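Analysis of the macromolecular model
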Amino acid sequence: MRVLQTDRPEYIKQIMQDIKVDPYGIEIMYPKAMHYLIRMNSVSNIAANILKQEMLSLGGDVAVARGALTGKVNKTDCLVMGNLSQFSLLSEKLSRQPFGLNRLSVELSCVLSNYQKEKFVLDLGRYKLKLGNGTHIMGVLNLTPDSFSGDGLYGRKTEEIIEHAQRLASDGADILDIGGESSRPGAVVVQEKEELKRVIPVIKLLVKKVKVPISIDTYKPQVARAALDSGALIVNDISGLRNPRMGRIVAQYRAAVVIMHRKGNTLSMQKNPRYESLIDEILQYLEKAINRGVEAGIDKDKIIVDPGIGFGKTTEHNLEILQNLSDFKALGRPILVGTSRKSFIGKILNAKPRERIFGTVSSCVLAVKNGAKIIRTHDCLEIKQALRVLDEVR
């Protein structure tokens, strides 16, 4: 006898094929093998009790607060337990119910659909990245004098910068992310004019020299506009589209955007960051940012989400994000993760930035296993090799 993994539809279908189940039977039965735990926050007491009864009738269950059963609370969080088949029937039942359950039915169907989505196509015009057919690498090109990782290329000759970028691409970078302002904790804000001076000449040269899309790492709308004018195709916005102008500019150029979660700013974000519920708060933040982007006119298929490892998080927060990264699949957008050489790895290993490569590899492998489609890194060759093995196993 074997206990099998039940988190991959293709694996379950293959097992059924191996034992020669009828193809029609496979389509009927595999949803019964796909088990999910879904947490719903702040459900009204009445709705929670109906939800529990409906799920019990289908052979599943719902865990609610004791007070929700006795009537001592008005709202409760719920943990709904069942398989995909049961959730499908539940959603149908709830669609005809009052007390907000019809709205909950729509959200439930959307979340399950999002969570099961594994492949995305990022259409960047002359580049089309098939996210899901192997992990994609975003190589870091820092044009700063104060990068935390010690790899800043500020002050180097243009030829050296271009050679470094070409080396990243040949080492496996599928995207090059160019930044002119350090986002490390406590970093000094760079004036717009200076940031433009650092990044625009390099972008103009690189679009002719490398055959991978260019991303601009900035939260300043005018820097993003200038970079897009110069040939960049992605905006990596660590502020998560907080500036409405940024969303409009990305939409105008039909560019892609990375929306990142950050608590506070570079000066304040690491001063004792606190969360009531870390994953829930990041999810809510990213969902609102996605909606802002769509309202600004950004094509939803061009939005990537980043939970923001190290941006307003303690070491424990960062580890919790990596452990629960698959929760962010509920947003239905490809997940980008950047752990490269970051301080939480240094604290675990007692290692300086350039000594954190093995820790970085470990964190990247875990991130991809838990749902990341893009890894942002300084060490493209090493990470590409590690993830190539993981991708083959998967």
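The preceding data block contains the structure.
Since the model is a prediction, treat every value here as computed from it, not as a measurement. (Residues numbered from 1 in each chain as written. Predicted model: local features only at pLDDT ≥ 70, side-chain atom pairs only at ≥ 80, totals over all residues. Heavy atoms only, no water.)

To continue, consider the overall build of the protein chain. Assigned secondary structure in the protein chain consists of 15 helices and 13 strands. Its C-alpha atoms put the protein chain at 70 × 50 × 45 Å along the principal axes. Counting across all 394 residues of the protein chain, residues that qualify as buried make up 51%. Nonlocal contacts in the protein chain, meaning residues at least 24 apart in sequence, comprise 67% of its contacts between residues at least 6 apart. A total accessible area of about 19700 Å² is found for the protein chain, and carbon and sulfur atoms account for 52% of it. (Helix = DSSP H or I, 4+ residues; strand = E, 2+ residues; numbered from the N terminus. Buried < 20%, exposed > 50% of the residue type's maximum accessible area, 1.4 Å probe, protein only. Contact = heavy atoms within 4.5 Å. Areas by Shrake-Rupley, 256 points an atom, 1.4 Å probe, with all protein chains shown as cover.)

Moving on, we get to the sheet that holds strand E2 (residues 61-63). Spatially, E1-E3-E2 is the arrangement adopted by the 3 strands of the open sheet, whose pairing is antiparallel. Because the sheet does not close on itself, it has two edges, and the strands there are strand E1 (35-44) and E2. On average, each strand axis in the sheet is tilted by 25° relative to the strand beside it, whichever way the strands run. When E1 meets strand E3 (residues 75-83), the two strands line up antiparallel, connected through 8 bridges. Following the sheet pairing, Leu37 is matched in E3 by Met81. (Pairing = 2+ DSSP bridges. Axes fitted to C-alpha atoms, helices over the stretch in contact; angles between N-to-C directions.)

Now for helix H2 (residues 23-33). All of the buried residues in H2 are Gly25, Ile26, Tyr30 and Pro31. Structurally, H2 contributes buried residues whose contacts are with helix H1 (9-18), E3 and helix H5 (84-94).

A separate point is unusual backbone geometry. Leaving glycine out, the prevailing phi sign among residues is negative, and the prevailing peptide bond configuration is trans. One non-glycine residue, Phe99, lies in positive phi territory at about 60°. Considering the arrangement of structural elements, one finds Phe99 in the loop between H5 and helix H6 (101-116). In the Ramachandran plot, Leu241 falls in the positive-phi region, its phi being about 60° despite a non-glycine side chain. Leu241 sits in the buried class, given a relative accessible area of 4%.

With that settled, the discussion passes to the pairing of strand E9 (residues 234-237). Because side chains alternate across E9, one face comprises the buried residues Ile234 and Asn236, and the other comprises Val235 and Asp237, equally buried. As defined by bridge partners, strand E8 (residues 214-217) adjoins E9 across 3 bridges and the pair is classed as parallel. Looking at E9, one finds that Ser215 is bridged to Ile234. Taking the sense of rotation as the criterion, the β-α-β connection linking E8, helix H9 (residues 221-229) and E9 turns out right-handed. By the bridge criterion, 4 bridges tie E9 to strand E10 (residues 256-260) in an arrangement that is parallel. Within the sheet, the bridge partner assigned to Ile234 lies in E10 and is Ala256. (Right-handed = clockwise from strand over helix to strand, strands pointing away.)

Bringing the side chain of Thr377 into the picture now. Mapped onto the fold, Thr377 is located in strand E13 (residues 372-377). You can call Thr377 buried: its relative accessible area is 0%. Excluding anything up to four places from it in sequence, Thr377 contacts Ile137, Met138, Gly139, Val140, Ser340 and Ile383.

If you look at the biggest cluster of nonpolar residues, it comprises 66 residues, and the most contacted ones within it are Leu141, Leu176, Ile178, Leu206, Phe328, Val337 and Ile375. At 8 residues, helix H11 (residues 278-295) tops the list of elements feeding residues into this core. Within the second largest apolar cluster, 26 residues are counted, among which are Tyr30, Ile38, Met40 and Leu84. (Core = buried A, V, L, I, M, F, W, Y, C linked by side-chain atoms within 4.5 Å.)

One side chain can pair with another of opposite charge once the charged atoms of both are near each other. Inspection of the entire model under this criterion finds 16 salt bridges. Across the pair Asp61 and Lys52 runs a salt bridge, and its minimum N-O distance is 2.8 Å. Asp61 sits in the partly exposed class, given a relative accessible area of 28%. A salt bridge links Glu107 to Arg103, with the shortest nitrogen-to-oxygen separation between them at 2.7 Å. Here the residue Glu107 and the residue Arg103 both occupy positions in helix H6, the gap between them amounting to 4 residues, near one helical turn. (Salt bridge = Lys/Arg side-chain N within 4 Å of Asp/Glu carboxyl O.)

A few words on the packing of aromatic side chains. Inspection of the entire model under this criterion finds 1 aromatic pair. Here the guanidinium or amino end of Lys13 rests over the ring plane of Tyr30, the centre of that ring lying 4.4 Å away. Lys263 extends its terminal NZ or CZ atom over the ring of Tyr275, reaching a point 4.6 Å from the ring centre. (Phe/Tyr/Trp six-rings, centres within 6.5 Å; stacked < 30°, edge-to-face > 60°. Lys NZ or Arg CZ within 6 Å of the ring centre and 35° of its normal.)

Quick look at the packing of H1 against H2 now. Look at H1 against H2: their axes get within 10 Å of each other, and the N-to-C directions meet at 130°. By the angle between their axes, H1 is oblique relative to H2. Here H1 runs over H2; the crossing is right-handed. In this structure, H1 contributes Pro9, Ile12, Lys13, Met16 and Gln17 to the contact, and H2 contributes Ile26, Glu27, Met29, Tyr30 and Ala33. Looking at side-chain class alone, the contact of H1 with H2 contains 7 nonpolar, 1 polar and 2 charged residues. (Parallel < 35°, antiparallel > 145°, perpendicular 65-115°, else oblique. Left-handed = near helix turned anticlockwise from the far one by under 90°. Nonpolar A, V, L, I, M, F, W, Y, C, P; charged D, E, K, R; others polar.)

Angle between the axes and distance between the axes are the two parameters that describe a pair of packed helices. In contact at an axis separation of 11 Å, helix H7 (residues 158-170) and helix H8 (residues 192-209) are set at 45° when each is read in the N-to-C sense. Comparing their axes, H8 and H7 come out oblique. For the element pair H7 and H8, the recorded crossing hand is right-handed. Contact with H7, carried on its side by Thr158, Ile161, Ile162, Ala165 and Gln166, involves Val202, Leu205, Leu206 and Lys209 of H8 and no other residues of that element. Within the contact of H7 with H8, the residues separate by chemical class into 6 nonpolar, 2 polar and 1 charged.

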